[in-house]
Amino acid sequence: EVGSSAWGVKFEVWAYTVPQIDTRSSWSIVDSPSEAAQGDRALRVTLAPTPGLLARPVPGAEVMSDYFQAEANTTLTFSVAARAAAPVNATLVIRYQPVGDNLGTLNLPTLRQTVVLTPQWQRHALTTDRLPGSQNSAYAAGLQFEAEHAEVWVDAAHAGPGRGAEYSPHAAIELAGH
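Residues numbered from 1 in each chain as written. Predicted model: local features only at pLDDT ≥ 70, side-chain atom pairs only at ≥ 80, totals over all residues. Heavy atoms only, no water.

**Let's talk about the sheet that holds strand β5 (residues 41-47)**
Consideration 1: In spatial order, the strands read β4-β5-β13-β8-β11; together these 5 strands make up an open sheet with antiparallel pairing. Bordering the open sheet on either side are β4 (26-31) and β11 (122-128), each of which pairs with just one other strand. Looking at each pair of strands side by side, their axes are set apart by 30° on average, direction ignored.
Consideration 2: In this sheet, β11 lies alongside strand β8 (residues 76-84) in antiparallel orientation, the contact comprising 7 bridges. Paired with serine 79 across the strands is alanine 125, a residue of β11. (Pairing = 2+ DSSP bridges. Helix = DSSP H or I, 4+ residues; strand = E, 2+ residues; numbered from the N terminus. Axes fitted to C-alpha atoms, helices over the stretch in contact; angles between N-to-C directions.)

See the structure below:
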């Protein structure tokens, strides 16, 4: 598991040295079994444009785990259940910092796979057959998306060895809130 805490939702980005601010997008925990893929809760992210000079041209969000440890040069799969009110392109990502490289957080290498989120819950997976080495064997996994207006639900995230994309909860709440 990638864990039940230390997940983050980020809306703002830095373009070169100028912040692009998003004051209208939001996230919430939906406490309804009918809106969750697994269990009772899901994370809902809503994107909306922000007016102003420092506004991000197209709103976007990044839902990322905290760093977790995994063994380099092995097969790793990150999977997540996701849906959107209307179709939206999204990217599954696994972040790492190559051993010996001193990179800033703005340019960490990522493994990526583009998917399309639809109104139906679907399980999406990113598998790497040879996980690159990372300092302290630390990796983070998540989902990124951009749209003028979007409502996206995320649930049942899992990262683990092998090719399995299945999810089974270890606790009552895995990805959502306490």
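That shown, we press on.
**Let's talk about the confidence of the model for the chain**
Consideration 1: Looking at the chain, the pLDDT average stands at 83 and 84% of residues meet or exceed 70.
Consideration 2: Here strand β2 (residues 13-15) stands out as the least confident element of the chain, with mean pLDDT 62; β11 is the most confident, with 96.
Consideration 3: Predicted confidence for residues 172-178 stays below pLDDT 50, and this span has 18 contacts to residues more than four positions away or in other chains. (pLDDT = per-residue confidence, 0-100. Contact = heavy atoms within 4.5 Å.)

**Overview of unusual backbone geometry**
Consideration 1: Positive phi is not limited to glycine here, since serine 137 has a value of about 55°.
Consideration 2: Checked against the element boundaries, serine 137 lands in the loop between β11 and β12 (138-146).
Consideration 3: Classification of serine 137 by relative accessible area gives partly exposed; the value is 31%.
Consideration 4: Not every positive phi belongs to a glycine, and alanine 156 is a case in point at roughly 55°.
Consideration 5: Tracing the backbone through its elements, the reader meets alanine 156 in strand β13 (residues 150-161).
Consideration 6: With a relative accessible area of 0%, alanine 156 lands in the buried category. (Buried < 20%, exposed > 50% of the residue type's maximum accessible area, 1.4 Å probe, protein only.)

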